[in-house]
Amino acid sequence: VGFFGSGVGLSLVLGFGVAYACYYLNSIAKKPQLVASNDRFCRFLEEYCPVVTETYYPTIWCWEGRVQTLLRPFITSRPQVQYRNELIKTADGGQISLDWFDNNDSSYYPDASTRPTVLLLPGLTGTSKESYILHMIYQSETLGYRCVVFNNRGIAGEELLTPRTYCAANTEDLEAVIHHVHSLHPSAPFMAAGVSMGGMLLLNYLGKTGRDTPLMAAAIFSAGWNVFESVESLEKPLNWLLFNYYLTTCLQSSISRHRQMLEKLFDMDLVMKARTVREFDKQFTSVMFGYRSIDDYYEDASPCRKLKSVGIPVLCLNSVDDVFSPAHAIPVETAKQNANVALVLTSCGGHIGFLEGIWPRKCTYMDRVFKQFVQAVFEHGNKIFSM
């Protein structure tokens, strides 16, 4: 009789399974923390976006933050999306690539002039091809909405016409895109969703503009609230090995194609020697946008400094085990001082992870938050816009 057939082995396996299930249910699966000072906003979310008050059950075999972050791009599906590309010119002679999903087959909103529009902002080196962006478009398609993806300069295959790329602090390109999209569809309800650096950029824009924006509301996912704390976390040995070095090489790869243009202003050999995001930003990003030091850039790029000035309803989802945005850097107390802001903090989920289910291929917790909040804003937003 083998070990498992002896009864002893089976008992051990069952005992371990029961113990793990108890640990998972008591310590891992938890309701998110909802931080919002506005009772009306809270009630609105509880009624029309109930996912933010329900227990989040992370995938039982990969709930740890780093694991979720690493596995999500490989596990989640990639819905097929047909884009219409548009290149728009900027005031300084550059160009920005927009990828449109028009959803002209929408049965809910057959009139294109009034079809709700969602502007999507990918992460640091992300484009419209990222799986999390494709999932947001899929969720929007089922609701009948139109989407447009803002690809940062030089990142989506288009030529760089001037020696300038992008950063989390400079909102000029985003402002141009928002006003361009709004001018094309001035009667269409309009909101935005930003992921990671895209969320930071969107928050910095909202902190700058207050209520003076065509956007009705915004959703932010896995934003890095304090850049100083983010880079320090990413420079810890394990995080550097798993994330920082790879991100740095991605940044270098994104500009290497434009080397001939950028060599007019930068020592590209020195930039390509960077081994951390901080070193890359010191040699390239902070210099490009005219900051006296990298500390000045990081201070300006940190959305926590501008959160008090946000003037439209914003829902922000973060996981407290996200090494890109450490829990102690999430501005909980500042959020409580702005009636337009709601934070949703999960105990697990990592960075743009939020995997759930036994085999988390089709839909994540983040996808469900996005879908419910976007639908709530477009279909019931009048209940919070009078806040």
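Along each chain, residues carry numbers from 1 onward, in the same order as the chain's sequence is written. Only residues with pLDDT of at least 70 get local features here, since the model is predicted, and only at 80 or more are side-chain atom pairs given and counted; chain-wide, interface and lining totals rely on the full set of residues. Hydrogens and waters are ignored; side-chain quantities use all the structure's heavy atoms.

Successive side chains on a regular strand alternate, one facing one side of the sheet and the next facing the other. In terms of burial, strand β4 (residues 117-121) is largely enclosed, as 5 of its 5 residues are buried. Here β4 runs beside strand β6 (residues 190-195); their pairing, made up of 5 bridges, is parallel. Within the sheet, the bridge partner assigned to valine 118 lies in β6 and is methionine 191. Accessibility here uses a 1.4 Å probe with only protein chains present; expressed as a share of the type maximum, an area under 20% marks a residue as buried, one over 50% as exposed, and anything in between as partly exposed. Only DSSP runs of H or I covering at least 4 residues are called helices, and only runs of E covering at least 2 are called strands; the numbering of each starts at the N terminus. By this definition, two strands are paired if DSSP reports at least two bridges between them.

Moving on, we get to unusual backbone geometry. Its identity as a non-glycine residue notwithstanding, serine 196 has a phi of 55°, on the positive side. Here serine 196 shows up in the loop between β6 and α6 (197-209). A residue is classified by how much of its surface remains accessible, and serine 196, at 12% relative accessible area, is buried. With phi around 55°, phenylalanine 354 is a residue other than glycine that occupies positive phi space. The residue phenylalanine 354 is located in the loop between β9 (341-346) and α14 (365-380) in this model.

Turning next to the UniProt feature "active site" (unreviewed entry) in the protein chain. In the UniProt entry, the feature "active site" (unreviewed entry) is given for Ser196, Asp322 and His351. With the annotated positions falling across 156 residues, the maximum pairwise C-alpha distance of 10.9 Å places them together in a single cluster. Note on contacts: a residue pair qualifies if any of its non-hydrogen atoms lie within 4.5 Å across the two residues. For serine 196, the residues in contact, after removing those within four places along its chain, are Gly123, Phe221, Ser222, Ala223, His351 and Ile352. Tracing the backbone through its elements, the reader meets aspartate 322 in the loop between β8 (314-319) and α13 (332-335). The exposure class of aspartate 322 is buried, given its relative accessible area of 2%. UniProt positions are given in the numbering used here, feature names are shortened, and annotations may be inferred rather than shown by experiment.

Bringing the nonpolar core into the picture now. Only buried residues count toward a nonpolar core, which is a set of Ala, Val, Leu, Ile, Met, Phe, Trp, Tyr and Cys residues joined through side-chain atoms within 4.5 Å. In this structure, Leu119, Leu202 and Leu343 are the most contacted members of the largest nonpolar core, which totals 67 residues. For this core, the element with the highest residue contribution is α6, accounting for 7 residues. Both of domain 1 (29-226 + 303-385) and domain 2 (227-301) provide at least three residues apiece to this core. If we skip the residues at most four places from it in the chain, leucine 343 touches Gln33, Leu34, Val35, Trp225, Cys316, Ile330, Pro331, Val332 and Ala335. In this structure, Phe41, Val51, Val81 and Cys147 belong to the second largest nonpolar core, which totals 49 residues. Where each domain starts and ends comes from a domain assignment, either automatic or drawn from a database.

With numbering aligned to this structure, UniProt lists the feature "domain: AB hydrolase-1" (unreviewed entry) at residues 116-357. The span residues 116-357 is 41% helical and 14% strand by assignment, and the distance between its end C-alpha atoms comes to 30 Å.

Let's shift gears to the domain arrangement of the protein chain. Many analyses report the size of an interface as the accessible area lost when the parts associate. Here the protein chain is described as being made up of domain 1 (29-226 + 303-385) and domain 2 (227-301). When each unit is reduced to the centre of its C-alpha atoms, the spacing between domain 1 and domain 2 is 24 Å. In this assembly, 35 residues from domain 1 lie in contact with 30 residues from domain 2. The junction of domain 1 with domain 2 conceals about 2,600 Å² of combined surface from both sides, 65% of it contributed by carbon and sulfur atoms. A quick way to say it: buried area is the sum, across both parts, of accessible area lost when two parts are put together, with a 1.4 Å probe. It is Pro163, Asn226 and Phe324 that lose the most area in domain 1 upon contact with domain 2, and together they represent 23% of the buried surface on that side. Salt bridge, as applied in this entry: a Lys or Arg side-chain nitrogen positioned within 4 Å of an Asp or Glu carboxyl oxygen. Connecting domain 1 to domain 2 are 3 salt bridges. Among the ionic pairs, glutamate 159 bridges to arginine 257, the shortest N-O distance being 3.5 Å.

Here we take up helix α5 (residues 172-184). Each full turn of the α-helix corresponds to 3.6 residues, which orients residues three or four apart in the same direction. A helix is expected to span 1.5 Å multiplied by its residue count minus one. If you check α5, its first and last C-alpha atoms are 19 Å apart, about what 13 residues at 1.5 Å a residue would give, namely 18 Å. Listing the buried residues of α5 in full gives Asp173, Leu174, Glu175, Val177, Ile178, His180 and Val181. Elements in contact with the buried residues of α5: β2 (84-89), β3 (95-101), β4, β5 (146-151), β6 and α6.

Further remarks concern a nonpolar patch on the surface. On the surface, a nonpolar cluster with roughly 460 Å² of combined accessible area is contributed by Ile60, Trp61, Ile358 and Trp359. In this fold, isoleucine 60 is placed in the loop between α2 (39-48) and α3 (65-75). Residue classification places isoleucine 60 among the partly exposed positions, given a relative accessible area of 30%. Patch membership requires more than 30% relative accessible area and the absence of a salt bridge. Residues of like charge join within 9 Å; the nonpolar side chains Val, Leu, Ile, Met, Phe, Trp and Tyr join within 5 Å. Using a 1.4 Å probe, the Shrake-Rupley method yields the accessible areas, and only the shown protein chains count as cover for residues.

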